[in-house]
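Structural overview
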Amino acid sequence: MTKHRFSQHALSEWMKDDGPESEIVISSRVRVARNLRHQPFPLLATDQQSKDVMDQLTEVSQSGKLQSMGSFETIILSDLSELDKRVLVEKHLISPNLANESQCGAVILSDNESVSIMINEEDHLRIQCLYPGFQIQEAWTLASGIDDIFEEAADYAFDEKRGYLTTCPTNVGTGIRASVMMHLPALVLTSQINRILSAVTQVGLAVRGLYGEGSEALGNLFQVSNQITLGQSENEIIDNLYSVARQIIEHEKAARKRLMQESRLRTEDRVKRSYGILSYASIMDSKESAQRLSDVRLGADLGILTNVTPQMLNELLVMTQPGFLQQTFDEKMSPEQRDFRRAELIRKQLRGEKGHGGASI
Amino acid sequence: MYCQECGKKPATLHFTKIVNGEKTEFHICESCAREKGEGIPGAPNSFSIHSLLSGLLDFEHMGSSGVGGAAKQPVLRCEDCGLTYTQFSKIGRFGCSSCYQAFADKLDPLLKRVHSSTIHSGKIPKRSGGQIQCKREIEQLRRDLQAKIEHEDFESAAELRDRIRELERKIADL
Ligand SMILES: [Zn+2]
Ligand SMILES: [Zn+2]
């Protein structure tokens, strides 16, 4: 049995609000990497050194210094079950690296789960702020404020020439990784996605699919992030990401309009077909569910389906992950059993709560 | 163009997977796409930034020591954490903040390739970076001062000069 609030609810409190452009941008995230000057990086730290780092950094929260930023809970990774860790990863609150490989790892989590501060990940300190919709500037402002509080209590490894020093040379300088998670089904359906994404990589940004490094874009969800951390200021990095993401949003909107003008029936059929399958299927693997949920989300955004909310779909996205399924049904499952349970959960969510399962068609 | 899966129908689904700049293109027909779900057939395994980095670094290492020259070179090592440059080349990570000093001579080409730059121009820590912040502000004020003088706005120039002096005193006290 778990005692942690974060594993009870798939949808973090912060995800319940609609952000700007929430039809296309699911969330905005900023992560800032920092290290302490007089400690070796986690990679080479001894157990005792890692423990000292953890004590020093968790103290900042436990002594109430973060109070102005909300209320926080400190969670020591070694106190968690494997399942709890997995759920945290599936909710994007901690990285797989912190869950599986850290020594004296900890996470300081805000009540609404929009702030997660990882300790002894690849760097001593990683501050992550998540906002719903397109609010990348807001995420940076919050992360920077939390950074200032930690800086008062800790001597950062900072060099006048190289900036904030990090374990990996790809993070040095600002230590910032800003990203937006975008749902781009119309660009995929109209075969424009490859052209647009390759243009994106040419302006110093990276694109990856949801859930896991290097995985394909499951459910038409793409994460666009800055690649460069040195030589540009944080504001330049944020502005660049913002303006590129803004352009992608406009392309996606235009493509959606075109879909509705040029192949309305085909689009409606695709959406309703997926809605029907999700509402009645008995077996649903993760890949199919991601794709069908993408269709249904598009249908909701286009007004084809009126009884499905983005929140329901965001929730399903997390709930249908393996760890969360196991947590919900409180049992060990084979992949096949997971596919039964996933189908059951989706049916409940789509038909159980609202009306009698009829899409308003 | 024909479908790369069945080779029979024209390819209508074009998809490029891009991970950290590495592109793989897929061209398949609709029925193959449907059959495979939305999975992209033949997608290669994930590509890690660290393996790319260590590739760059290895190259760096070979270039500087030359063929067969490695043995004669003294071992470049960070005194604080003990990490050698050769180890750093393999894992693509630093061991501690002093590594940046220890390997300083070799870092510029690497950082230039990764970031197209070698010098930080972002945020500075408030407490420990007070002096750096003052220096940057003084540089900016000097540029402003120059501009005011060129425009013969001597009143503003005098104000800027006073501000610069004030900051210089502050640095001396820090
Ligand atoms: Zn085919
Ligand atoms: Zn070192």
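Above this text is the structure in question.
So, how was this worked out
- Residues numbered from 1 in each chain as written.
- Chains lettered and ligands numbered in written order.
- Predicted model: local features only at pLDDT ≥ 70, side-chain atom pairs only at ≥ 80, totals over all residues.
- Heavy atoms only, no water.
- Helix = DSSP H or I, 4+ residues; strand = E, 2+ residues; numbered from the N terminus.
- Buried < 20%, exposed > 50% of the residue type's maximum accessible area, 1.4 Å probe, protein only.
- Areas by Shrake-Rupley, 256 points an atom, 1.4 Å probe, with all protein chains shown as cover.
- Donors = N, O, S within 2.8 Å, 3.2 Å for Na, K, Ca; no water.
- Tetrahedral: all angles 85-135°; square planar, octahedral: opposite > 155°, others 65-115°.
- Pairing = 2+ DSSP bridges.
- Axes fitted to C-alpha atoms, helices over the stretch in contact; angles between N-to-C directions.
- Contact = heavy atoms within 4.5 Å.
- Salt bridge = Lys/Arg side-chain N within 4 Å of Asp/Glu carboxyl O.
- Buried area = accessible area lost by both parts, 1.4 Å probe.
- Polar contact = N/O pair within 3.5 Å; in protein donor to acceptor, adjacent residues only side chain to side chain.
- Parallel < 35°, antiparallel > 145°, perpendicular 65-115°, else oblique.
- Nonpolar A, V, L, I, M, F, W, Y, C, P; charged D, E, K, R; others polar.
- Core = buried A, V, L, I, M, F, W, Y, C linked by side-chain atoms within 4.5 Å.
- Expected span 1.5 Å × (residues − 1).
- Arc of directions from axis to C-beta.
- Phe/Tyr/Trp six-rings, centres within 6.5 Å; stacked < 30°, edge-to-face > 60°.

Observations regarding the overall build of chain B
- Summing up its helical and strand segments, chain B has 7 helices and 2 strands in all.
- The order of helices and strands in chain B, counted from the N terminus, is β-β-α-α-α-α-α-α-α.
- Going through the 174 residues of chain B one by one, you find that 37% of them count as buried.
- Carbon and sulfur atoms make up 51% of the accessible area of chain B, which totals about 10,600 Å².

Some remarks on the coordination of the zinc ion (ligand 2)
Residues and elements named next belong to chain B.
- Looking at the metal site, the zinc ion (ligand 2) is ligated by Cys 78 (SG), Cys 81 (SG), Cys 96 (SG) and Cys 99 (SG), spaced 2.3 to 2.4 Å from it.
- Every donor counted, the 4 donor atoms about the zinc ion (ligand 2) form angles of 98 to 124° at the centre, which fits tetrahedral coordination.
- Linear spacing of the donor residues for the zinc ion (ligand 2) on their chain is C-x2-C-x14-C-x2-C. Placement of Cys 81 in the loop between helix H2 (49–65) and helix H3 (85–91) and of Cys 96 in the loop between H3 and helix H4 (99–102) is noted, with a sequence separation of 15 residues between them.

Some words on the sheet that holds strand E8 (residues 176–183) of chain A
Residues and elements named next belong to chain A.
- Strands sit in the order E2-E3-E4-E5-E1-E8-E10-E9 across an open sheet of 8 strands; the sheet is antiparallel. Both outer strands of the open sheet, strand E2 (72–76) and strand E9 (205–209), are each paired with one neighbouring strand and no more. Between one strand axis and the next, the sheet turns by 20° as a mean value, whatever way the strands run.
- Summarising the sheet, E9 and strand E10 (residues 221–226) pair through 5 bridges and their orientation is antiparallel. Counterpart to Val 207 in the pairing with E10 is Val 224.
- The sheet strands contacting helix H7 (residues 234–262) are strand E1 (25–34), E8, E9 and E10, and the helix crosses E8 at an angle near 10°.

Some remarks on the pattern of salt bridges
- All chains considered together, the criterion is met by 35 salt bridges over all chains.
- Between Asp 55 of chain A and Lys 51 of chain A there is a salt bridge; the shortest N-O distance is 3.0 Å. Here Lys 51 of chain A and Asp 55 of chain A lie together in helix H1 (residues 47–62), a separation of 4 residues that amounts to about one turn.
- For Lys 51 of chain A, a relative accessible area of 35% translates into the label partly exposed.
- For Lys 123 of chain B, the salt bridge is made with Asp 147 of chain A, and the minimal N-O distance between the two is 2.8 Å.

Topic: the interface of chain A and chain B
- Across the boundary between the two partners, chain A contributes 54 residues, which contact 51 residues of chain B.
- When chain A packs against chain B, close to 4,500 Å² is buried across both sides, 57% of that on carbon and sulfur atoms.
- When the buried surface of chain A facing chain B is broken down by residue, Glu 151, Arg 162 and Pro 169 of chain A rank first, second and third, together holding 14% of it.
- Taken together, the connections running from chain A to chain B amount to 7 salt bridges.
- A salt bridge links Arg 162 of chain A to Asp 108 of chain B; the nearest nitrogen and oxygen atoms lie 2.8 Å apart.
- On the surface where chain A and chain B come into contact, there are 20 residue pairs in polar contact (both at pLDDT 80 or more).

Focus: the side chain of Ser 279 of chain A
Residue and element names in this part refer to chain A.
- Secondary-structure assignment places Ser 279 in helix H8 (residues 264–280).
- A distance of 2.7 Å separates the side chain of Ser 279 from the backbone oxygen of Tyr 275, its partner in a polar contact.
- In contact with Ser 279, other than residues within four places in its own chain, are Arg 347, Leu 350 and Arg 351.

Remarks on the environment of Asp 162 of chain B
- Residue position: Asp 162 of chain B is located in helix H7 (residues 154–173).
- Relative accessible area serves as the criterion here: at 40%, Asp 162 of chain B is assigned to the partly exposed category.

A word on the packing of helix H11 (residues 322–329) of chain A against helix H12 (residues 335–352) of chain A
Residue and element names in this part refer to chain A.
- It is at 10 Å that the axes of H11 and H12 come closest, and there the two elements cross at 75°. With respect to their mutual orientation, H11 and H12 come out roughly perpendicular. Along the contact surface, H11 presents Pro 322, Leu 325, Thr 328 and Phe 329, while H12 presents Arg 338, Arg 341, Arg 342, Glu 344 and Leu 345.
- Considering only residue class, the contact of H11 with H12 consists of 4 nonpolar, 1 polar and 4 charged.

Description of the environment of Asp 147 of chain A
- Relative to the helices and strands, Asp 147 of chain A is located in helix H4 (residues 136–153).
- With 195 residues separating them along the chain, Asp 147 of chain A and Arg 342 of chain A place their C-alpha atoms 39 Å apart.
- Setting aside chain neighbours within four positions, we find Asp 147 of chain A in contact with Arg 34, Ile 127, Tyr 156 and Tyr 164 of chain A together with Lys 123 of chain B.

With respect to the nonpolar core
Residues and elements named next belong to chain A.
- One finds Val 30, Ile 117, Phe 150 and Met 182 to be the most contacted residues of the largest nonpolar core, which totals 60 residues.
- The greatest single-element share of this core, amounting to 9 residues, is contributed by H7.
- The next biggest cluster of nonpolar side chains, apart from the first, holds 47 residues, and it includes Leu 11, Ala 300, Phe 324 and Leu 350.

Re H12 of chain A
Residues and elements named next belong to chain A.
- Between its first and last C-alpha, H12 extends 24 Å over 18 residues, near the 26 Å set by a 1.5 Å rise per residue.
- The complete set of buried residues in H12 reads Arg 338, Asp 339, Arg 342, Ala 343, Leu 345, Ile 346, Gln 349 and Leu 350. All buried residues of H12 project into a common sector of 165° when viewed along the axis, lining one side. Seen from the buried face of H12, the exposed residues on the opposite side, beyond 90 degrees, are Glu 336, Lys 348 and Gly 352.

A short note on the packing of aromatic side chains
Residue and element names in this part refer to chain A.
- Enumeration over the complete set of coordinates arrives at 8 aromatic pairs over all chains.
- Their ring planes at 70° and their centres at 4.9 Å tell us that Phe 158 and Tyr 164 sit as a pair that is edge-to-face.
- Overall, Phe 158 belongs to the buried group, its relative accessible area being 7%.
- What makes Tyr 164 buried here is its relative accessible area of 1%.

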